[in-house]
Amino acid sequence: MLVKGVVFRFEDMLPPETKLLLEDFRLAVNSSVRAGLQARVTSRNALTRLAYKDFRQEHPKMYAQHLVSAFEVAAALLKSHRKRVRRGNPASIPFVRRLFMKAENQAYKLDRENGVIDLPIMAGCHVRLKLVLSDYNRGFLDNHSYSLGSLTLTSDRAVIAFRKEAPKPYVPDSVLSLDTNERSLDGVFVRGDDASAVKADFPDVATIQQRHHDRRKRLQKKKAHDRRTSRRLCRREGARERHRIEYRLHQVANAVLSFAEDQKSAVVLEDLKGIRPKWSKELNRRLSLWPRRKLHQIIEYKAQWRGIPVVKVDPRYSSRTCPICGRIQDSRMGTEFECECGWHLDKHVNASLNLLQTAISKGMAGGLRFNPGAFQHDVMMILYDPERGARSEPNGTSGMTVAS
Ligand SMILES: [Zn+2]
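Every value quoted in this text rests on a predicted model; they were computed, and no experiment measured them.

## A short note on the overall build of the protein chain
At step 1: Summing up its helical and strand segments, the protein chain has 9 helices and 18 strands in all.
At step 2: Over its C-alpha atoms, taken along the principal directions, the protein chain stretches across nearly 80 × 55 × 35 Å.
At step 3: Sorting the 404 residues of the protein chain into buried and exposed places 44% on the buried side.
At step 4: Across the protein chain, every contact between residues at least 6 apart in sequence was considered, and the portion connecting residues at least 24 apart equals 69%.

Put into structure tokens, the structure is as follows:
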């Protein structure tokens, strides 16, 4: 089952009863986290047994299902807390500061026609929350093949989880093989006997990383006398950086997948597992791999949602192998891959040819073949252009996770 969280804004301010409910919910989560830590329990059921009675007494009218949901949230917090502690990472006691609540699908109603959430607060008290509906939002409400999952409310938005069975990936007519680099996806698109280079540029991702890196360095220096403030500010910088980068990565992934879907392509990516970050001479620091891993994660789950087949292959030697004669080159190379046999090509595009050949040799590209001799050296298709991509899209930031 696939789940996609879709963000909705409210047409009006939240009614005061809802604000109170959010506060109660946060209180319930935080105190059951504390109770759970004390009693060393982390499961929802154990937390319910532990804290339900006390909470019921303090909040006699709170809708029971919300309370159970609060225990579930607390259990999830405790679990990730325990994981961090086990890994030996410094972990403070989890504490929810932001106002929010989560309701499972049986604990709220959604009028999909009019976009109104009916949320029970307590016995005899319901609120109706009217949602702002963009075309993107409308698409989810109108499509009844999506069933409803949980609802997450914060003071300024609702996130509704829509669920559907994973569609069966189509049988591909073509292949889009992509080599993932720090500032771009570079690759080859193969359809029948034609093969041409493709590119999706995202130079701003590295720029944003550099800018935030510098800013964090400056903060650490400036706040060297106050480690707590320094840590807090750095964390905030980190969250902003992630947010900005993820926004761009979503746009790149959408562009690439729309192309793949139009062409009925299978997408070939390198498996980044086990890849170590390289040291950058110009920046004098290690290049972070997370934007690339994140991009793959986004591409993979969006592809799954749309039924686009994705193949991951071992990238070993992909940047140093000649796809024509199979020689493996010395690792030192400029921007151009050159081989004694006379083959030469942009080194990133060349790497994508090798990824493609690996996928084909393993029978993972749906029986498609590829003749490197057919490669058109003078054609470059642009899948994503940051100039054009800077236009904001309403669906750029919605998240999706895969549920079992
Ligand atoms: Zn060669």
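After presenting the structure, the write-up continues.
## Quick notes on the coordination of the zinc ion
At step 1: Listed as protein donors to the zinc ion are Cys322 (SG), Cys325 (SG), Cys339 (SG) and Cys341 (SG); their distances from the metal cover 2.2 to 2.3 Å.
At step 2: With 4 donor atoms in place around the zinc ion and angles of 105 to 116 degrees between them, the coordination shape is tetrahedral.
At step 3: Counting residues between consecutive donors of the zinc ion along the chain gives the motif C-x2-C-x13-C-x1-C. With Cys322 in the loop between β14 (310-313) and β15 (336-338) and Cys341 in the loop between β15 and β16 (344-346), this pair connects stretches of sequence that are 19 residues apart.

## A short note on the packing of aromatic side chains
At step 1: The full count for this structure, using the stated rule, is 9 aromatic pairs.
At step 2: Between Phe140 and Phe162, the aromatic rings sit 5.2 Å apart at their centres with planes inclined by 45 degrees, giving tilted as the arrangement. Linking Phe140 in helix α4 (residues 135-142) with Phe162 in strand β7 (residues 157-164), this pair joins segments that are 22 residues apart in sequence. An identical accessibility class is assigned to Phe140 and Phe162; each is buried.
At step 3: Considering the side-chain rings of Phe189 and Phe259, the 5.0 Å spacing of their centres and the 75 degrees angle between planes classify their relative orientation as edge-to-face. One end of the pair, Phe189, is in strand β9 (residues 184-191); the other, Phe259, is in helix α6 (residues 227-263), and 70 residues separate them in sequence. Like Phe259, Phe189 is buried.
At step 4: An aromatic cluster of at least three residues, connected via ring pairs, comprises Phe8, Tyr136, Phe140, Tyr146, Phe162 and Trp305.
At step 5: Here the guanidinium or amino end of Lys4 rests over the ring plane of Trp305, the centre of that ring lying 5.5 Å away.
At step 6: Just above the ring of Trp305 sits the side chain of Lys164; from NZ or CZ to the centre is 4.5 Å.

## A few points about the pattern of salt bridges
At step 1: For the coordinates displayed, the defined rule picks out 15 salt bridges.
At step 2: Two residues, Asp156 and Arg9, come together in a salt bridge whose shortest N-O distance is 3.6 Å. Of this pair, Asp156 sits in the loop between β6 (147-154) and β7 while Arg9 sits in strand β1 (residues 2-9); the two residues are 147 residues apart in sequence, bridging distant segments of the chain.
At step 3: Between Glu340 and Arg327 there is a salt bridge whose closest N-O contact spans 3.8 Å. One end of the pair, Glu340, is in the loop between β15 and β16; the other, Arg327, is in the loop between β14 and β15, with 13 residues separating them in the sequence.
At step 4: Arg327 sits in the partly exposed class, given a relative accessible area of 37%.

## With respect to unusual backbone geometry
At step 1: The backbone of Arg40 sits at a positive phi, close to 55 degrees, despite the residue not being glycine.
At step 2: Considering the arrangement of structural elements, one finds Arg40 in the loop between α1 (16-39) and α2 (44-58).
At step 3: Look at Tyr317: it is not a glycine, yet its phi comes out positive at around 65 degrees.

## Some remarks on the nonpolar core
At step 1: Residues Tyr108, Ile117, Leu119, Leu153, Ile160 and Phe162 are the most contacted members of the largest nonpolar core, which totals 48 residues.
At step 2: Here the element with the most residues in this core is helix α3 (residues 64-86); it accounts for 7 residues.
At step 3: Excluding residues within four positions of it along the chain, Phe162 makes contact with Leu2, Val3, Lys4, Val6, Phe8, Arg112, Phe140, Leu141, Tyr146, Ser147, Leu148 and Trp305.
At step 4: By size, the runner-up hydrophobic cluster in this structure holds 29 residues, among which are Phe202, Val205, Ala260 and Val267.

Rules behind the numbers
Residues numbered from 1 in each chain as written. Predicted model: local features only at pLDDT ≥ 70, side-chain atom pairs only at ≥ 80, totals over all residues. Heavy atoms only, no water. Helix = DSSP H or I, 4+ residues; strand = E, 2+ residues; numbered from the N terminus. Buried < 20%, exposed > 50% of the residue type's maximum accessible area, 1.4 Å probe, protein only. Contact = heavy atoms within 4.5 Å. Donors = N, O, S within 2.8 Å, 3.2 Å for Na, K, Ca; no water. Tetrahedral: all angles 85-135°; square planar, octahedral: opposite > 155°, others 65-115°. Phe/Tyr/Trp six-rings, centres within 6.5 Å; stacked < 30°, edge-to-face > 60°. Lys NZ or Arg CZ within 6 Å of the ring centre and 35° of its normal. Salt bridge = Lys/Arg side-chain N within 4 Å of Asp/Glu carboxyl O. Core = buried A, V, L, I, M, F, W, Y, C linked by side-chain atoms within 4.5 Å.

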